[in-house]
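# Breakdown of the fold
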Amino acid sequence: MRINKIELGNFRLFENAVFEFPTLFTVIIGENGKGKSTILQGLRVASASFLLGIDEAERFHIQKEDVRRIDVGTRFATQRNCFVRAEGIVNESNLTWKRTLSREGGKTDTKNAKPIIQLAQNLNDSVNLRLERNISFPVISFFSTARLWAESKQTIKLKKKGSKLKDGYARCIDDRTDKLSPMEWIKTAYWKKLKEKEESLLLDAVFEAVDLCIPNWQPTEWDEDTDDLAGIYTDENGTSSYRPLFFLSDGLRTMAAMVIDIAYRCVTLNEHLGNMAIKESTGIVMIDEIDMHL
């Protein structure tokens, strides 16, 4: 899944504006108040349209604060027909869809988003009704500044068997996410690996992703004493030591939490891809104030 272009109408700062995303990785740079977060919010609404076709996924619509307002002297007047129109590719299909909030206080319509909703419903039914296993789903993940690592150490339980789609899309576009589900999955996968004494391709893929993305720290196991993911940390002098994730710096923990969240969604939604689930999964990852996450 990728979005190549969005059009925003009466959406926050923009009366009408079009933005294109021709590359796989886009960084939006600008002064404060110029609309960087507005563009991201538009992408968030556009990508969340896919979730309308997934039975157990959360719903996300155009928000009250997204409606553009203009100064008419004595007050700020809300404008009609706030919309997000998107063009993109979803599971190799070229689609165009649109979400519109005709007036503040109304409901975001879905009539012009039917192409992406229907595609999502077909994928949903293939898994939940026809019980097909080799169906790939796009990963969708939104990281706001509210999702930075700020919690104290939490107790990690073993993860109960859940739903592929419910778990894979749980709080994927929320302002805040719980960091427990991915860590519970890792703990459970590692416990099963020890108990069954066999390889865990999905767990190995998650470890590889963290190793590639997090400088100087390589995850190796689940540490029972600290109840945390642990690994080998190498400092600037080349000295290596065993260190749980929570004992790393806030910056490294924040990066690790983000990577683990994305990797967890890849292996949950596309388990059939095995150890290639992270490398071959497609989707959209949106990060607000990316420098604060690094």
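The structure this text deals with has already been given above.
Quick look at the structure, then.

The rules behind the values
Residues numbered from 1 in each chain as written. Predicted model: local features only at pLDDT ≥ 70, side-chain atom pairs only at ≥ 80, totals over all residues. Heavy atoms only, no water. Phe/Tyr/Trp six-rings, centres within 6.5 Å; stacked < 30°, edge-to-face > 60°. Lys NZ or Arg CZ within 6 Å of the ring centre and 35° of its normal. Core = buried A, V, L, I, M, F, W, Y, C linked by side-chain atoms within 4.5 Å. Buried < 20%, exposed > 50% of the residue type's maximum accessible area, 1.4 Å probe, protein only. Contact = heavy atoms within 4.5 Å. Salt bridge = Lys/Arg side-chain N within 4 Å of Asp/Glu carboxyl O. Helix = DSSP H or I, 4+ residues; strand = E, 2+ residues; numbered from the N terminus. Patch = residues over 30% accessible without salt bridge, like charges linked within 9 Å, V, L, I, M, F, W, Y side chains within 5 Å. Areas by Shrake-Rupley, 256 points an atom, 1.4 Å probe, with all protein chains shown as cover. Lys, Arg positive; Asp, Glu negative; His and termini not counted. Charge placed at Lys NZ, Arg CZ, Asp CG, Glu CD. Pairing = 2+ DSSP bridges. Axes fitted to C-alpha atoms, helices over the stretch in contact; angles between N-to-C directions. 1 Å grid on protein atoms, 1.4 Å probe; cavity = no way out; pocket = protein on both sides within 12 Å on 5 of 7 lines; lining within 4 Å. Points joined across faces, edges and corners; volume = space filled by probe spheres on them.

## Some points on the packing of aromatic side chains
Each aromatic ring pair is characterised by the separation of its centres together with the angle its planes make. Tallied over the entire structure, the rule returns three aromatic pairs. In this arrangement the basic side chain of Lys-98 is found over the ring face of Phe-83, its NZ or CZ atom lying 4.4 Å from the centre. Here Arg-253 stacks its cationic end above the ring of Phe-246, 4.5 Å away from the centre of that ring.

## What to know about the nonpolar core
In terms of nonpolar packing, the biggest core is built from 49 residues, with Phe-50, Trp-97, Ile-116, Phe-137, Ile-140 and Tyr-169 touching the most fellow members. Residues contacting Phe-50, with those up to four places away along its chain left out, are Met-1, Val-90, Ile-116, Leu-119, Ala-120, Leu-123, Phe-137, Pro-138, Ile-140 and Tyr-169. Among the nonpolar cores identified, the runner-up in size contains 28 residues, and Ile-156, Met-183, Leu-202 and Leu-245 belong to it.

## Re the pattern of salt bridges
Evaluation of the coordinates by the stated rule reveals 12 salt bridges. The partner of Arg-130 in a salt bridge is Glu-132, and the shortest N-O contact between them spans 3.4 Å. Between Lys-279 and Glu-208 there is a salt bridge, and its shortest N-O distance comes to 3.3 Å. Within this pair, whereas Lys-279 is found in helix H7 (residues 277–280), its partner Glu-208 is found in helix H5 (residues 201–213), the two being separated by 71 residues in sequence. Connected via shared salt-bridge partners are Lys-5, Arg-85 and Glu-87.

## Notes on unusual backbone geometry
Non-glycine residue Asn-81 carries a positive phi angle of around 55°. Within the secondary structure layout, Asn-81 lies in the loop between strand S4 (76–78) and strand S5 (82–90). Although it is not a glycine, Glu-289 sits at a positive phi angle of roughly 50°. Topologically, Glu-289 is positioned in the segment after strand S11 (283–287).

## Notes on a positive patch on the surface
A cluster of basic side chains, namely Arg-133, Lys-161, Lys-192 and Lys-195, defines a positive patch on the protein surface. Accessibility expressed as a relative area gives 59% for Lys-195, which makes it exposed.

## Here we look at the sheet that holds strand S8 (residues 217–223)
Strand order across the open sheet formed by three strands is S8-S9-S10, with antiparallel pairing between neighbours. Whereas interior strands pair on both sides, the edge strands pair on one side only; in this sheet they are S8 and strand S10 (240–244). For this sheet, the mean angle separating the axes of adjacent strands, direction not counted, is 25°. Pairing geometry for strand S9 (residues 228–234) and S10, over five bridges, is antiparallel. Each residue of the ladder has a partner; that of Thr-234, found in S10, is Ser-240.

## What about the environment of Gln-63?
With respect to the helices and strands, Gln-63 occurs in the loop between helix H1 (36–48) and strand S3 (69–71). Taking relative accessible area as the criterion, Gln-63 reaches 26% and is therefore assigned partly exposed. Residues Gln-63 and Gly-105, spaced 42 residues apart in sequence, show a C-alpha to C-alpha distance of 9.4 Å. Excluding its chain neighbours within four sequence positions, the residues that come into contact with Gln-63 are Gln-41 and Leu-101.

## Looking at the layout of surface pockets
Approximately 1,400 Å³ is the volume found for the largest pocket. Along the walls of the largest pocket sit 37 residues, with Leu-24, Phe-25, Thr-26, Val-285 and Met-286 positioned nearest its centre. Mapped onto the lining of the largest pocket, the elements with two or more residues apiece are strand S1 (2–11), H1, H5, helix H6 (250–269) and S11. Estimated volume of the second largest pocket: approximately 1,100 Å³.

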